[in-house]
Amino acid sequence: MGDEEAIIGRVLAGDVQAFRSIVDRYQGPVFRVVRGLLFDAADAEDVTQEVFLTAYARLAEYNVRRGPLASWLFVIARNKCLNVLARRRPEPIAPFEPIDGRRPDEPLDRQEWFERFDAALAALPGDQRIAFVLAEIEDTPYEEIARIERVPLGTVKSRVARAKEKLRQLLKPLETER
Amino acid sequence: MTPRDPYQQWRESRRADQPPERLAERIMQTIEASRVQPAKADRRRSGAWFAPRRRDAVILLAGTAFVLRIAAAFAVFITP
C-alpha cells in the first residue's frame, strides 16, 4: 500500500512511466472482472484499456483512505461495463438447449460446461452478476464490494446468495443431463 | 454449488484468465500518445478559488441571486 502511494505521487509529479507498475499489477484483476461482466474478450480488452486511461487521467481523485486502489479501479471498470451493456442490444439467452450431434446420455465435456456456466452467469441480473464476479472470481471481501457498489453489506451478501441460488436453478437441468 | 467439480473447474479457469499479451504496453503507449495529465482532485487545495462541484455551484447561484435581489431593491431608490 505504501509503495503504491509513492508510485501515485510519482505519476502525479509527471512521471508517466511510473504508472506502468500500476498497470502491470492490476491489469489481470481488472481484465477478469470486465470479462466476467461482458463475456467478450475483445470488448474486455478495450474496456480494460479505457479503465486504465480513465484511472490515469483521474488519479488525483483516488483517496487511499477510502479503500484499496483495486477497488477504485473496479468502480471505474463496473461503470464502463454498465455503459457497454446499456449500448448492447439484448440477446435472447438459451443456455441449456441440447448441443447438436450429442446424444442425451453423453456427458458434457469441459468446454461445454464452461460455456453453460458463462451463459448462466450472463443470465443473472447485473447487480447480482457484479457481486458474484467480484466475490467468486476475484475473492474481493464483501465489505469492499459494498463500498464499490455503494450498498449496505447485507445487500451484497443477499446479492451473492441470490446469484448462487439462481445459478443453481439455471444449472439444474444439467444435472439430469449428466 | 452443484455439480461441484465442473463449477470449481470453471471458477479456477476464470481465475486463471490473463489479459492479452502486450496489453500493458498498449495502455502505456495510448497514455503517452494522449498527452493527458492527471487532473487535480481538488482545485481549492491546489490554489484555485473555485472547485467545480455541484454544492459550490448551488452556493454561487444562490449568492448571485441574493446580490441581484438586493441590487434591485436599492435600484428603486437610486432611479430618478
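Because the structure is a prediction, the values reported are computed rather than measured.

Enquirer: What should I look at first to understand the overall build of chain A in this one?
Expert: When you go through chain A residue by residue, the secondary structure sums to 8 helices and 0 strands. Counting from the amino terminus, helix and strand elements in chain A follow one another as α-α-α-α-α-α-α-α. Within chain A, contacts between residues at least 6 apart in sequence are counted, and of these 63% link residues at least 24 apart. Just so you have it, chain A exposes about 9,200 Å², and 50% of that area is on carbon and sulfur atoms.

Enquirer: Would you mind going over helix 2 (residues 23-34) of chain B with me for this structure?
Expert: One turn of the α-helix equals 3.6 residues, which is why residues spaced by three or four share an orientation. Taking 1.5 Å of rise per residue, 12 residues should cover 16 Å, and helix 2 of chain B covers 16 Å from first to last C-alpha, within 8% of that figure. Where helix 2 of chain B is concerned, the buried positions are Leu23, Ala24, Ile27, Met28 and Ile31 of chain B. The arc that holds every buried residue of helix 2 of chain B, seen down its axis, measures 135°, which confines them to one face. On the buried face of helix 2 of chain B, the contacting elements are helix 2 (19-38) and helix 3 (41-57) of chain A. The positive-phi residue at the C-terminal boundary of helix 2 of chain B is Arg35 of chain B, with phi of around 55°.

Enquirer: What's the story with the interface of chain A and chain B in this structure? I'm lost.
Expert: Where interface size is given, it is often the accessible area lost as the parts come together that is meant. In this complex, chain A contributes 38 residues to the contact, which on the side of chain B involves 30 residues. Between chain A and chain B, a total of about 3,500 Å² is buried, with carbon and sulfur atoms accounting for 64% of that surface. The interface formed by chain A and chain B includes 6 salt bridges. A salt bridge links Glu136 of chain A to Arg11 of chain B; the shortest N-O distance between them is 3.4 Å. Between chain A and chain B we count 12 residue pairs in polar contact (both at pLDDT 80 or more) in total. Element by element, the count of residues in the side of chain A that touches chain B is highest for helix 2 of chain A, at 9 residues. Partitioned by chemical class, the residues of the side of chain A that touches chain B number 19 nonpolar, 5 polar and 14 charged.

Enquirer: For this particular structure, what's the right way to read the pattern of salt bridges?
Expert: Overall, the coordinates contain 19 salt bridges over all chains when judged by the stated rule. The partner of Arg25 of chain A in a salt bridge is Glu4 of chain A, and the shortest N-O contact between them spans 3.1 Å. Residue Arg25 of chain A is located in helix 2, and its partner Glu4 of chain A is located in helix 1 (residues 2-12); the two are separated by 21 residues in the primary sequence. Take Glu4 of chain A: its relative accessible area is 6%, and that puts it in the buried class. The closest approach of N and O atoms between Arg58 of chain A and Glu61 of chain A, which form a salt bridge, is 3.0 Å. Via salt bridges that share partners, Glu136, Asp139 and Lys164 of chain A together with Arg11 and Arg15 of chain B belong to a single interconnected network.

Enquirer: Could you clarify how one ought to interpret the confidence of the model for chain A in this entry?
Expert: As a note on interpretation, predicted positions should not be read in detail where pLDDT is low. The share of residues in chain A with pLDDT of 70 or more is 84%, and the mean pLDDT across the chain is 85. Across residues 94-102 of chain A the pLDDT falls below 50, and counting only partners more than four positions away or on other chains, this stretch makes 18 contacts in the model.

Enquirer: Which parts of the structure should I look at to understand the side chain of Lys80 of chain A?
Expert: All names here are of chain A. Tracing the sequence through the fold places Lys80 in helix 4 (residues 69-87). Glu50 provides the closest opposite charge to the buried, salt-bridge-free Lys80, at an N-O distance of 4.2 Å. In contact with Lys80, other than residues within four places in its own chain, are Val47, Glu50, Val51 and Thr54.

Enquirer: Whenever I open this one, the packing of helix 4 of chain A against helix 7 (residues 142-149) of chain A confuses me. Can you help?
Expert: The geometry of a pair of packed helices is captured by two quantities: the angle between their axes and the separation between those axes. Residues and elements named next belong to chain A. The geometry of helix 4 relative to helix 7 is characterised by a closest axis approach of 9 Å and an angle of 45° between their N-to-C directions. Between helix 4 and helix 7, the crossing angle belongs to the class labelled oblique. For the element pair helix 4 and helix 7, the recorded crossing hand is right-handed. Of helix 7, the residues touching helix 4 (which contributes Ser71, Phe74, Val75 and Arg78) are Glu144, Ile148 and Glu149. Within the contact of helix 4 with helix 7, the residues separate by chemical class into 3 nonpolar, 1 polar and 3 charged.

Conventions used here
- Residues numbered from 1 in each chain as written.
- Chains lettered and ligands numbered in written order.
- Predicted model: local features only at pLDDT ≥ 70, side-chain atom pairs only at ≥ 80, totals over all residues.
- Heavy atoms only, no water.
- Helix = DSSP H or I, 4+ residues; strand = E, 2+ residues; numbered from the N terminus.
- Contact = heavy atoms within 4.5 Å.
- Areas by Shrake-Rupley, 256 points an atom, 1.4 Å probe, with all protein chains shown as cover.
- Expected span 1.5 Å × (residues − 1).
- Buried < 20%, exposed > 50% of the residue type's maximum accessible area, 1.4 Å probe, protein only.
- Arc of directions from axis to C-beta.
- Buried area = accessible area lost by both parts, 1.4 Å probe.
- Salt bridge = Lys/Arg side-chain N within 4 Å of Asp/Glu carboxyl O.
- Polar contact = N/O pair within 3.5 Å; in protein donor to acceptor, adjacent residues only side chain to side chain.
- Nonpolar A, V, L, I, M, F, W, Y, C, P; charged D, E, K, R; others polar.
- pLDDT = per-residue confidence, 0-100.
- Lys, Arg positive; Asp, Glu negative; His and termini not counted.
- Axes fitted to C-alpha atoms, helices over the stretch in contact; angles between N-to-C directions.
- Parallel < 35°, antiparallel > 145°, perpendicular 65-115°, else oblique.
- Left-handed = near helix turned anticlockwise from the far one by under 90°.

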